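Coordinate analysis (summary)
The primary structure of each chain is shown beneath.
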Amino acid sequence: MSKSELIEGVEAKELANAIRALAMDAVQQANSGHPGMPMGMADAATVLFSKFLKYDPSNPNWPDRDRFVLSAGHGSMLLYALLHLTGYADMTLDEIKRFRQLGSKTAGHPENFLASGIETTTGPLGQGLANAVGMAMAEAHLAARFGGALVDHRTWVIAGDGCLMEGVSQEAIALAGRQKLNKLIVIWDDNSISIDGAISLSDTTDQKARFAASGWSVLSCDGHDVADVTRAFEAATKSDRPVLIACKTTIGYGSPKKAGTAKAHGEALGAEELAATKAALGWKYGPFEIPDNIRAAWLKIGARGVIKRQEWSARLKTSEHKEAFAAAMSEGRVAGYGGPNVERAISALAVHATKMAAEKPSLATRASSHGAIDAMFEVCPELLGGSADLTGSNLTHAKGSQDFTPENRLGRYVRYGIREHGMAAAMNGMALHGGVIPYGGTFLTFSDYSRPAIRLAALMGIRVIHVMTHDSIGLGEDGPTHQAVEHLAALRAIPNLYVFRPADAVETAECWQAALLRDDGPSLLALSRQATPALRSDASENLSVRGAYELLPAEGGASRVAIFATGTEVALAVKAREALQKEGIPTRVVSAPCFEMFELQDDSYQDAVCGDDDELKIGCEAAIGQGWFEAFGLDAFVGMSTFGTSAPAKDAYAHFGITSDAIVETAKALLG
């Protein structure tokens, strides 16, 4: 790296060495972590944070800041060191010293909810890159809506070889290329090393050609030459397409024995090598010691953004979009999830639910969801929908909505293509960016493709809404490859994910309300392909937000049987109740659209819904029974225990014994 360039009166090399020193010291003290990447990328990161990135540590959530995503999350000390040095108040030196310790803000991989300046939770490789695509899409949409005076920022990513090898990276870069997201810049830490050793052991892909083929501009630079890095970054900001910068670096830069080897990747250097590395770098200071002149220079760099942020605030005060912008950002991460447009959507859904209760349509719940989307879409302009090439099946396209394209950034519907994982991860990025409420559709069985991103949304506590149709053997002839059997249980196992399976049009509208009102995590609507009868005639109260509720009471005495069901099987439960009641067996039906919300209710409510111990309790769902017995204290379950079959829905249900008659027979057999 050139020694001639001074930044705030300090050589750029010394600024970078401060990052390296903090990374080496923190990993050494924790005896755990990944020092090699921060050591290798310190020079490029110094150029980025001192010359290009728009940010203000004194106001970390400034809406028009550039987003910086460390997709290679194992190199978390690079980010923590930068946040500390540039003056983010909550990233103290004590937190750096507590790297990877219980209760610290400096977790092994960056977690967005722990400290300011961490835009997303990364670690599973490729996720940050895919999140960044969603962030860039949100920026482009909001810029078209509110104008460049209020929205004009870039999304910068540092990604490693592992990020580019993960399959989600291809989904993400293809989507970004199609959308021509020219404010997305990915800096590839091209160090040719992974945990096992040389990248060539497992991969010989020409990454630059791959990105170019996906519609990206591709640049290269020497990652240890400040002038060359500056040249590449400057060129990237002028591109009309997303940009990959192949930044050639040496992992563990400066380490006499470990630089350029896998040994630098994922373990502390060791006391002897740490001392030798500091000597080789000319760093004469003790553990966690940053000289005053270097610290002062970094703080001046961090303070540069104040003026830009103040200028932006002045533009906002006089903008014709001031109120609309404030409303939009109140729907995003910047200021919480409340806001007038969500309130309007909730009201619109209530009106729609009342209409459905009166009309009593027999609809597939995917069609009921379509009606709910139509009802709220226009009154909540923050909603940004899409589908993974299943629009006509998922029914996620609102009436009158236009596609989001390079030619029409005002469009509010994204054609994601057959990229479920990329879609889910991009929606995470949109939610993290703020200003939009993303929802996207696919088949429930393909939640397997989306699961890593869904899990991260739950971990981060962000509002993303997944619309997953064709939720059971009820999809029929497409057969077991497409029929969800274990998926509901698998999704319910993810902490902080709300899984909704509504029974009719009223419940579907209520579940959409609940998903919109969530301020601490994602929601998933599991919806049917086949029609189901209307069951609710009163929508004056949203009963679905209780998670489970008594749909029909027992008649003719104390209840002897309680049937718990979700989705299309609630209608079977109702029919079974009718048969049992005719035989003099008092029976009630409980609809349970959301297990997770039921668990939030107080004990007295749960006890009332679950009933007495001497009451026979039967569950019914066209899926495996895992989780059902614990949730409701069941005595029996009518459902699936194998994969499905290719057959018309009615025949499939009969074949697997998921019928009202089967529920009746189970009840009578257990009653004796």
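Attention in this report is confined to the structure presented alongside it.

On to the state of the cysteines. Scanning the model with the defined rule gives zero disulfides in all. Unpaired in terms of disulfides, Cys380 finds its nearest cysteine sulfur in Cys511, a separation of 18 Å. Counting only cysteine sulfurs, Cys594 is the nearest neighbor of Cys511, a cysteine outside any disulfide, at a range of 7.2 Å.

Now for empty space enclosed by the protein. Scanning the model with the defined rule gives three cavities of 30 Å³ or more in all. In this structure, the largest cavity encloses a volume near 90 Å³. In this structure, the largest cavity is lined by Phe49, Leu53, Tyr55, Pro60, Arg65, Asp66, Phe68, Leu79, Leu83, Tyr88, Gly117 and Glu119. Taken together, the residues that form the lining of the largest cavity break down as eight nonpolar, one polar and three charged.

On to helix H7 (residues 167-179), then. End to end, H7 covers 19 Å across 13 residues, agreeing with the expected 18 Å (1.5 Å per residue, within 8%). Along H7, the residues that are buried comprise Val168, Ser169, Glu171, Ala172, Ile173, Ala174, Leu175, Ala176, Gly177 and Gln179. Backbone geometry just after H7 places Lys180 at a positive phi near 50°.

Another point: the sheet that holds strand S15 (residues 498-500). With parallel pairing, six strands are arranged side by side in an open sheet as S12-S11-S13-S14-S16-S15. Two strands in the sheet have a free side with no partner beyond their single neighbour: strand S12 (413-415) and S15. Mean inter-strand twist for the sheet, computed between neighbouring axes without regard to direction, equals 20°. Packing against the sheet, helix H20 (residues 505-517) makes contact with strand S11 (383-387), strand S13 (437-443), strand S14 (465-469), S15 and strand S16 (523-526), and its axis sits at approximately 150° to S14.

With five of six residues buried, strand S9 (residues 243-248) lies mostly within the body of the structure. Sheet topology places strand S5 (residues 184-190) next to S9; six bridges connect them, and they run parallel. What sits directly across from Ile185, in S9, is Val243. Across six bridges, the pairing between strand S8 (residues 217-222) and S9 is parallel. Of the residues in S9, the one forming a bridge with Val218 is Leu244.

What follows is about the pattern of salt bridges. By the definition in use, this model includes 28 salt bridges. Between Glu234 and Lys238 there is a salt bridge, with its nearest N and O atoms 4.0 Å apart. For Glu234, a relative accessible area of 35% puts it in the partly exposed group. A salt bridge links Asp471 to Arg501; the nearest nitrogen and oxygen atoms lie 2.9 Å apart. Taken as a pair, Asp471 in the loop between S14 and helix H19 (487-492) and Arg501 in the loop between S15 and H20 lie far apart in primary sequence, 30 residues in all. Overall, Arg501 belongs to the buried group, its relative accessible area being 0%. A single salt-bridge network, built from bridges that share partners, covers Asp471, Arg492, Arg501, Glu569 and Glu621.

Criteria and thresholds
Residue numbers restart at each chain and count upward from 1, following the sequence in its written direction. This being a predicted model, a pLDDT of at least 70 is required before a residue's local features are given, and a value of 80 or more before pairs of side-chain atoms are given or counted; all residues contribute to the totals for chains, interfaces and linings. Values shown for side chains rest on all heavy atoms present in the structure; no hydrogens or waters enter the calculation. Note on terminology: disulfide denotes any pair of cysteine sulfur atoms within 2.5 Å. Grid points spaced at 1 Å over the protein atoms alone were grouped into cavities, where a 1.4 Å probe fits but cannot get out, and pockets, open sets with protein on both sides within 12 Å along at least five of seven lines, with lining residues defined by an atom within 4 Å of a point. Grid points are joined across faces, edges and corners, and a volume is the space filled by probe spheres set on the points. Put simply, Ala, Val, Leu, Ile, Met, Phe, Trp, Tyr, Cys and Pro go in the nonpolar bin, Asp, Glu, Lys and Arg in the charged bin, and everything else, Gly too, in the polar bin. Each helix is a run of DSSP H or I of at least 4 residues and each strand a run of E of at least 2, with the numbering of both proceeding from the N terminus. A helix is expected to reach a length of 1.5 Å times the quantity of its residues less one. Buried means the residue's accessible area, taken with a 1.4 Å probe over protein chains only, is under 20% of the maximum for its type, while exposed means over 50%, and partly exposed covers the values in between. The pairing criterion is simple: DSSP has to find at least two bridges between the two strands. In this description, a line fitted to the C-alpha atoms serves as the axis of each element, helices being fitted only across the stretch in contact, and the angle between N-to-C directions of two axes falls anywhere from 0 to 180 degrees. By definition in these notes, contact holds between two residues if any of their heavy atoms fall within 4.5 Å. Salt bridge, as applied in this entry: a Lys or Arg side-chain nitrogen positioned within 4 Å of an Asp or Glu carboxyl oxygen.

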